[in-house]
Amino acid sequence: MKVFIAGIDGYLGWPLAIYLSARGHEVAGADLLLRRQWVAEVGGVSALPIASREERLFAFKEATGVELDFRVGDLTDYDFVKGFFREFQPEVVVHLGQMPSAPYSMIDQAHCVWTQQNNVINNLNILWAIKEAAPAAHLIKLGTMGEYGTPAVDIPEGFFEVEFRGRNDRLPFPRQAGSWYHQSKVHDSHNTHFAAKIWGARATDIMQGVVFGTRIAEMGDDSRLRTRLDFDQCFGTAINRFCCQAVIGHPLSLYGLGKQKRGFLPLADSMQCLGLAIENPPDAGEYRVFNQFENAYSITELACLVKGVAADIGLPVDIKRYDNPRAEMEDHYYNPDRQHLLDLGYQPTRDIKSVIKAMLLDLLDNRERIEEHADALIPDIRWDGGRKRSEVIG
């Protein structure tokens with residue numbers, strides 16, 4: 001199949017290009033390379049050195065034998081998006097090309113507004129470009145489990161049956177975003193659902209959990225094919241941050257009570273799930289929602305997993321609680337469904353500890369990079385719009 005990846009230079013976009021090419025798909029994509037700039041802006045760096053775009057393209061051709069059409073371009077520029085789609089004629093569009101950080105969107109007014117403009121407009125551009133240039137294409141939009149929030153009821157996959165005043169209907173499950181970034185993703189879900197209803201678009205909305213890991217098998221041992229791994233307060237997800245802290249002997253940083261529960265899945269599983277969505281498209285006019293995660297853990301459970309694996313390879317590490325910079329429910333019910341991808345054949349990684357061990361071993365080779373940017377490990381961006389470095393509370 002011909003697959004267009006928006007955000008092809010990112011943590012998920014780059015390995016997805018490699019994964020799909022290895023399976024015979026024709027891949028093209030676009031990226032404005034902003035993730036590299038955002039991480040530098042907040043004082044971070046990828047824990048694993050990442051190759052330049054030019055080096056990546058050269059390595060990709062060496063590994064696969066084919067040229068990768070990877071263009072630098074702005075997805076908020078409609079003429080660029082529409083022109084690329086007209087030329088490439090994608091059968092599938094995987095939209096990973098957005099600003100993905102809750103803390104970054106909460107820094108101040110400018111970052112909030114920019115996040116909303118960039119994410120909402122580029123998703124609308126992709127919807128319109130599909131309509132006008134590739135109307136049969138299947139859009140796979142990367143959403144987030146964070147769109148749902150933490151309701152005190154089970155979380156279905158997108159829709160649920162409602163009875164109210166003696167009448168029944170199947171309605172979208174309410175979204176309760178926890179940041180300006182998550183609000184932008186909620187808008188994207190509503191707009192994508194609307195496009196399916198009025199234009200007959202084919203769409204899969206992936207409510208993805210937190211992804212972790214440093215590599216997929218298809219990368220081999222070529223360091224130029226590696227994806228990035230961030231650990232700063234904006235772009236470093238909890239488990240990636242914990243692993244980076246472990247390799248430099250920094251206490252694992254739990255925010256608040258450490259009881260916040262989320263869904264997680266390894267990088268290789270994310271690739272598998274996206275591949276299944278690509279190869280099993282919906283019907284025209286169908287908007288479907290997949291909750292994509294392997295298992296749900298509290299942040300404390302996650303930290304204990306990392307601590308245990310680190311100890312097994314000779315890395316003693318402590319766990320400390322810091323005051324929580326976020327406005328969130330810290331002790332809550334959390335039980336989301338995840339059946340749709342299993343029905344398509346998803347086989348979750350059972351040995352999560354082996355994934356964490358591989359991460360730690362990869363990161364040990366780059367310990368100095370993490371140590372040089374250790375200040376980025378403790379947050380100071382607060383949900384009330386202020387800036388104050390979090391302090392140890394227990």
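Small disclaimer: the values here were computed from a predicted structure and weren't measured. All chains use their own residue numbering, which begins from 1 and follows the written sequence. In keeping with the predicted nature of the model, local features appear solely for residues at pLDDT of at least 70, side-chain atom pairs appear and are counted solely at 80 or more, and the whole-chain, interface and lining totals rest on all residues. The side-chain figures draw on all heavy atoms in the structure; neither hydrogens nor water molecules are used.

Student: I tried to follow the packing of aromatic side chains on my own but got confused; where do I start?
Tutor: Each aromatic ring pair is described using two quantities: the centre-to-centre distance and the angle formed by the ring planes. Pairing of aromatic side chains here covers Phe, Tyr and the six-membered ring of Trp, requires ring centres within 6.5 Å, and sorts the geometry by plane angle: under 30 degrees stacked, over 60 edge-to-face, intermediate tilted. One pass over the structure, following the stated rule, counts 13 aromatic pairs. Seen from their ring centres, F4 and F84 are 5.0 Å apart, and the 85° between their planes marks the pair as edge-to-face. Residue F4 is found in strand β1 (residues 2-6), and its partner F84 is found in helix α4 (residues 78-88); the two are separated by 80 residues along the sequence. A centroid spacing of 6.0 Å and a plane angle of 55° characterise the contact between W14 and F60, whose relative ring orientation is tilted. In this pair, W14 is assigned in helix α1 (residues 13-22) and F60 in helix α3 (residues 53-64), connecting sequence segments 46 residues apart. In this structure, W14 and F60 share a single accessibility class: buried. Put simply, the rings of F4, F80, F84 and F85 pair up and form one aromatic cluster. Only DSSP runs of H or I covering at least 4 residues are called helices, and only runs of E covering at least 2 are called strands; the numbering of each starts at the N terminus. In this scheme, a residue with accessible area under 20% of its type's maximum is buried, one over 50% is exposed, and one in between is partly exposed, where area comes from a 1.4 Å probe on protein chains only.

Student: I'm lost on the environment of Q260 in this one. Help?
Tutor: The residue Q260 is located in the loop between β10 (252-255) and β11 (261-266) in this model. The class for Q260 is buried, based on a relative accessible area of 4%. Along the backbone, Q260 and M359 are 99 residues apart, and their C-alpha atoms lie at a distance of 23 Å. Contacts of Q260, omitting those with residues within four sequence positions, involve Y255, Y297, S298, I299, N324, E328, M329, E330 and H332. Two residues qualify as a contact provided that any one of their heavy atoms is within 4.5 Å of a heavy atom in the partner residue.

Student: What is the right way to look at unusual backbone geometry in this model?
Tutor: The phi torsion of most residues other than glycine is negative, and most of the peptide bonds are trans. Not every positive phi belongs to a glycine, and L33 is a case in point at roughly 65°. Inspection of the secondary structure puts L33 in the loop between β2 (26-31) and α2 (34-41). Despite not being glycine, R165 shows a phi value in the positive range, around 55°. Within the element layout of this structure, R165 appears in the loop between β6 (159-164) and β7 (167-172). Note on R165: relative accessible area 76%, which makes it exposed.

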